[in-house]
Amino acid sequence: MAASIREKQTAALKRMLNFNAPPLKNTAAEPVWKVLIYDRFGQDIISPLLSVKELRDMGITLHLLLHSDRDPIPDVPAIYFVMPTEENVDRICQDLRNQLYESYYLNFISAISRSKLEDIASAALAANAVNLVTKVFDQYLNFITLEDDMFILCNQNKEHISYHAINKPDIMDTDMEGIMDTIVDSLFCFFVTLGAVPIIRCPRGNAAEMVAVKLDKKLRENLRDARNSLFTGDTMGTGQFSFQRPLFVLADRNLDLATPLHHTWTYQALIHDVLDFHLNRVSVEESQGSEASPAGARPKKKNKKSYDLTAADKFWQKHKGSPFPEVAEAVQEELDTYRAQEDEVKRLKSIMGLEGEDDGAISMLSDNTAKLTSAVSSLPELLEKKRLIDLHTNVATAVLDHIKSRKLDVYFEYEEKLMSKSTLDKSLLDIISDPDAGTAEDKMRLFLIYYITSQQPPSEADLEQYKKALVDASCDLSPLNYIKQWKAFTKMAATPANYGSSGVKPMGLFSRVMNTGSQFVMEGVKNLVLKQHNLPVTRILDNLMEMKSNPETDDYRYFDPKMLRGSESSIPRNKNPFQEAIVFVVGGGNYIEYQNLVDYTKARQGKRILYGCSELFNAGQFIKQLSQLGQK
C-alpha cells in the first residue's frame, strides 16, 4: 500500500528538521541541538503531526514563534519554517542584523518570490552574515494533514477562503482571483508532497471550476519546466503509486448545503459538532463536583481541559466513525478490562506481603514473583491505557450531556428522514416550538435542512407560521434569507441534490443495551443504528471513479496536466476505473462527509480515497457564515 499523506508530510518535516538531509537510521548518534522558529502557519502544520517529544528527539531544544521576543543564542543553528510573507521576511532580516543564531536554515512553507529572496540577500550582506545563511528551501508543505486520509488547507486566516468569502454577493473579481490563487497554491503543495500528477474533474460554472483551471495551468507549467520540475526523478519516490494516476475531484460546497448543517451520530463528527475541536485537539469544560456552593459564593469557574486525539490512540482510530452508543459501550468495556488488570496487580501486592514461614506461602511466592515481574513490566502500558480511557470517558460524557440536553438523537433521526424523503412521524412545527428540544441553533439547522431538501418550498402561509415559531424560539432568520436566494438560484441551475435512501433503525431505548453498572447514564437516548448511504459528494466521486454514466456528472470537465496541449475536452481519456482518488470541497467540508467516504472505501477492496477541504467547519460555524451572507 502506498504511504499515506500523513506519513509523507511527516517525513518531509523530519527531513527539514534534519537540515534537509534524510534522517539517519542509527539513532545512537546524538542529534545536533537546534532551535526551530516558526510562524502560526508553520505551527498549525507541525502540531497535528509531531509531538513535543518527537521534536526533542530530532534535536529541537526550543521552538519559538517568529514574531515573539527571542534572545540571541549565538552558538546554535536555527531552522526557520515560515510562510514567505512580507512581515516574516522583514523579521528574518532583523534576526540576521541582530546576529541571533550561529547559522540560519530558511524553509518556506510555500514558494518564495524572487524579490523577497533578494530582500533577504541584501539584509544578509548588510549584516555581514552571508556565510551564516546556510540553506534556503521551498518546502511546498502549505496544507495541514489531520488524518491519514484527510487534509485541510489552512487554519490561520481561514476566513479569507471561507464559504462566506467565496459566495459574497459583492465580491470583486480581483478578490476572487486572490482566493483562488491561495487555494491553488495549497493544492499544488499537496500534490508535490503526494508526488503525483492527478487527472482533474470538476463541475462547470462555479468556484470549483475556477480552481481546476488554475491548478491545471500551474501543474502544467511546472511539468513543462523540465529543469525545475517538482514531479520528476528522485523527488517522486518511485513506486509510491500504482501505474495509474490518482483522480482529483473538485466539488463545490453549493452542491450540498444540507450535510454541513446536519446533526450527526458518529463519534468524531459529534465531537466536532458539539465540542471545541480543531487540529485534532478537543477542549472540554470540566464540570466541578456537584456539591452546593454556599449561598452568595461566586459560581465556580469551569476548567477547560484539552486532549489530543492522535493516530497513536487505538481506541480513537477504531471508534471515531462509530455511532455514539457503540462508543459509549466500548469505553465502558475498556474500563472494565482495565479495572480487572488493576485488581490483579493489587492482589499480587497483598500476597507478596505474606508473613510467616509456612510452605504454602513460599511456593506461592515463587509462582507470584513471575506474575509480579510481568505485572510491573506492563505498568507503563497500563498507565497509558488508563490515560486514554479517562480521556474518552471525559470526552464521551461531555458529548452525551449535549445529546441529552439538546435531544440531538431526535434531531438526527428527523433530519435523516427529511433527507431521505421518508414518512415523518411528527410535524416539524412541534419540534421547533418544543422549548425542551435543543438550542435555537439546532432548530434553525433543522428548518434549513427541511427547506433545502423539500421538493417545493413551503407555501407563503406555512413559511410565515414557521418563521413565527423560529422567532419565538429566538432564532436569527438571516441564514434563511441566504438559503432562499441560494435555492432560487440553484433551481434555475440544477436539480436538488439527492441524498440517497438512508435509513435509521431505532433499536429501542438504551436502557436494555447498557448494563446498570455503566458510567454513562443513557436513559431515554435513542439507540440509533446507521444504514450505509452515500452523500452527494460520495456519489459524485463514485460516478467519476467507477466511470459510471450519470446525468449528475456527465458534463464534468476533464483536465490532464500531462497532455501537451490543454485540450478542452470533457471526454475522459482512460476508461478504466480509478484506484486512488482525492475529493476536495471548495468552500469547506466536515467530518460527516469524511466519514461517509471512509465507509464507502471500506466496502471497496483496494481503493484509496483522500478527503480535503478548504476549511473544516461545524454546523455552528457554517450557520454564522450563512447568517453573514443573509444580512447583506
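If you're wondering where the values come from, they're calculated on a predicted model, not measured in any experiment.

K.L.:
How do you make sense of the overall build of the protein chain when you look at a structure like this?
P.N.:
Across its full length, the protein chain carries 21 helices and 17 strands. Here the protein chain holds 632 residues, and 52% of them are scored as buried. For the protein chain, the proportion of contacts with a sequence separation of at least 24, taken over those separated by at least 6, is 79%.

K.L.:
Would you take a moment to explain the sheet that holds strand β4 (residues 101–108) for this structure?
P.N.:
Strands belonging to one sheet form pairs held by backbone hydrogen bonds; the direction of such a pair is parallel or antiparallel. Judged by pairing direction, the sheet is parallel, and its five strands sit side by side in the order β2-β1-β3-β4-β5 without closing on themselves. If you trace the sheet from one side to the other, it starts and ends with β2 (60–65) and β5 (133–138), each paired once. Geometrically, the sheet is characterised by an average inter-axis angle of 20° between neighbouring strands, direction not taken into account. In this sheet, strand β3 (residues 73–82) lies alongside strand β1 (residues 34–38) in parallel orientation, the contact comprising four bridges. Of the residues in β3, the one forming a bridge with Ile37 is Tyr80.

K.L.:
What exactly am I supposed to notice about the sheet that holds strand β10 (residues 276–278) here?
P.N.:
Overall, antiparallel pairing links the three strands, which are arranged β10-β11-β12 in an open sheet. Every other strand in the sheet has two partners, leaving β10 and β12 (303–308) as the edge strands with one partner each. Averaged over all neighbouring strand pairs, the angle between strand axes comes to 20°, with direction disregarded. Where strand β11 (residues 281–286) lies against β12, six bridges are found, and the strand directions are antiparallel. Across the sheet, residue Val284 finds its bridge partner in β12, namely Lys305. Here helix α13 (residues 379–406) sits on the sheet and contacts β11 and β12; the angle it forms with β11, its principal contact strand, is near 70°.

K.L.:
Can you help me understand helix α20 (residues 591–602) in this one?
P.N.:
Residues three or four positions apart in an α-helix share a direction because the helix packs 3.6 residues into each turn. Spanning twelve residues, α20 covers 16 Å between terminal C-alpha atoms, matching the ideal 16 Å at 1.5 Å per step. Of all twelve residues making up α20, ten are buried, and the element is well covered by its neighbours. The set of residues buried in α20 consists of Tyr591, Ile592, Glu593, Tyr594, Gln595, Asn596, Leu597, Val598, Tyr600 and Thr601. You can read the cap of α20 off the contacts: a side-chain oxygen lies 3.1 Å from the backbone nitrogen of Ile592, and it is on Asn590.

K.L.:
Mind showing me how you'd approach the pattern of salt bridges here?
P.N.:
Two side chains of opposite charge can pair, provided their charged atoms sit close to one another. With the rule as written, the count across this model stands at 27 salt bridges. Salt-bridge contacts for Lys53 lead to Asp57; the nearest nitrogen and oxygen are separated by 3.0 Å. Placement of both Lys53 and Asp57 in helix α3 (residues 52–57) is noted, with a separation of four residues, approximately one turn of the helix. With its nearest N and O atoms 3.7 Å apart, the salt bridge here joins Asp185 to Lys218. One end of the pair, Asp185, is in helix α7 (residues 173–194); the other, Lys218, is in helix α8 (residues 207–224), with 33 residues separating them in the sequence. For Asp185, a relative accessible area of 18% puts it in the buried group. One connected set of salt bridges, linked through shared partners, spans Arg6, Glu147, Asp148 and Lys320.

K.L.:
Could you clarify how one ought to interpret the environment of His164 in this entry?
P.N.:
By secondary structure assignment, the location of His164 is in helix α6 (residues 163–167). Considering only alpha carbons, one finds His164 and Gln625, 461 residues apart in sequence, at a separation of 5.4 Å.

K.L.:
Looking at this structure, how should I read a nonpolar patch on the surface?
P.N.:
Together, Val376, Leu379 and Leu383 make up a nonpolar patch on the protein surface, roughly 260 Å² of accessible area in all. Checked against the element boundaries, Leu379 lands in helix α13. Judged by its relative accessible area of 35%, Leu379 falls in the partly exposed class.

K.L.:
In this structure, what is going on with the environment of Tyr38? I would like to understand it.
P.N.:
If you trace the backbone, Tyr38 turns up in strand β1. Overall, the relative accessible area of 8% leaves Tyr38 in the buried class. Distance from Tyr38 to Met83, taken between C-alpha atoms, is 8.7 Å for residues 45 residues apart in sequence. Setting aside anything within four residues of it in sequence, one finds Tyr38 in contact with Gln43, Ile46, His63, Leu64, Leu65, Leu66, Phe81 and Val82.

K.L.:
I tried to follow the nonpolar core on my own but got confused; where do I start?
P.N.:
General note: in soluble globular proteins, nonpolar side chains tend to be found buried as a group. Formed by 79 residues in total, the largest nonpolar core has its most connected members in Phe81, Ile271 and Val395. With eight residues, the top contributor of residues to this core is α13. Residues Phe151, Ile161, Phe188 and Cys202 belong to the second largest nonpolar core, which totals 41 residues.

K.L.:
It is not clear to me how a negative patch on the surface should be interpreted in this structure. Could you clarify?
P.N.:
Taken together, the side chains of Glu86, Glu87, Asp90 and Asp119 present a region of like negative charge at the surface. When residues of the negative patch are assigned to their parent elements, the largest contribution, three residues, is made by helix α4 (residues 86–98). Examined against the element boundaries, Asp119 turns out to sit in helix α5 (residues 114–126).

K.L.:
Help me out: how do you make sense of the confidence of the model for the protein chain in this one?
P.N.:
In regions of low pLDDT, the predicted coordinates are not meant to be interpreted in detail. Looking at the protein chain as a whole, the pLDDT averages 82, with 83% of positions reaching at least 70. Taken element by element, the protein chain is modelled with least confidence in strand β13 (residues 504–509), mean pLDDT 47, and with most confidence in β1, mean pLDDT 94. Long-range and interchain partners of residues 289–294, a stretch whose pLDDT sits below 50, account for one contact in this model, where long-range means more than four residues apart.

K.L.:
Which parts of the structure should I look at to understand the packing of aromatic side chains?
P.N.:
Where two aromatic rings form a pair, the distance of their centres and the angle of their planes describe that pair. Inspection of the entire model under this criterion finds 26 aromatic pairs. Ring geometry for Tyr101 versus Tyr104: centroids 6.0 Å apart, planes at 70°, classification edge-to-face. Neither residue differs from the other here; Tyr101 and Tyr104 are each classed as buried. Both rings, one in Phe143 and one in Phe151, keep their centres 6.1 Å apart while their planes meet at 80°; by these two values the pair is edge-to-face.

K.L.:
Would you take a moment to explain helix α14 (residues 408–419) for this structure?
P.N.:
With twelve residues, α14 ought to run about 16 Å at 1.5 Å a step, and its terminal C-alpha atoms sit 16 Å apart, in line with that. Across the twelve residues that make up α14, a large majority, twelve, are buried. Every buried residue belonging to α14 is among Leu408, Asp409, Val410, Tyr411, Phe412, Glu413, Tyr414, Glu415, Glu416, Lys417, Leu418 and Met419, and all of these are buried. Phi turns positive, to about 55°, at Lys421, one or two residues after α14.

K.L.:
Please explain unusual backbone geometry as it appears in this structure.
P.N.:
One non-glycine residue, Leu279, adopts positive backbone phi at about 50°. With respect to the element layout, Leu279 can be found in the loop between β10 and β11. The exposure class of Leu279 is buried, given its relative accessible area of 13%. The phi dihedral of Ser474 is positive, around 55°, even though this residue is not glycine. Position of Ser474 relative to the elements: it lies in the loop between α17 (460–472) and α18 (478–493). The exposure class of Ser474 is exposed, given its relative accessible area of 57%.

Cut-offs and rules
- Residues numbered from 1 in each chain as written.
- Predicted model: local features only at pLDDT ≥ 70, side-chain atom pairs only at ≥ 80, totals over all residues.
- Heavy atoms only, no water.
- Helix = DSSP H or I, 4+ residues; strand = E, 2+ residues; numbered from the N terminus.
- Buried < 20%, exposed > 50% of the residue type's maximum accessible area, 1.4 Å probe, protein only.
- Contact = heavy atoms within 4.5 Å.
- Pairing = 2+ DSSP bridges.
- Axes fitted to C-alpha atoms, helices over the stretch in contact; angles between N-to-C directions.
- Expected span 1.5 Å × (residues − 1).
- Polar contact = N/O pair within 3.5 Å; in protein donor to acceptor, adjacent residues only side chain to side chain.
- Salt bridge = Lys/Arg side-chain N within 4 Å of Asp/Glu carboxyl O.
- Patch = residues over 30% accessible without salt bridge, like charges linked within 9 Å, V, L, I, M, F, W, Y side chains within 5 Å.
- Areas by Shrake-Rupley, 256 points an atom, 1.4 Å probe, with all protein chains shown as cover.
- Core = buried A, V, L, I, M, F, W, Y, C linked by side-chain atoms within 4.5 Å.
- Lys, Arg positive; Asp, Glu negative; His and termini not counted.
- Charge placed at Lys NZ, Arg CZ, Asp CG, Glu CD.
- pLDDT = per-residue confidence, 0-100.
- Phe/Tyr/Trp six-rings, centres within 6.5 Å; stacked < 30°, edge-to-face > 60°.

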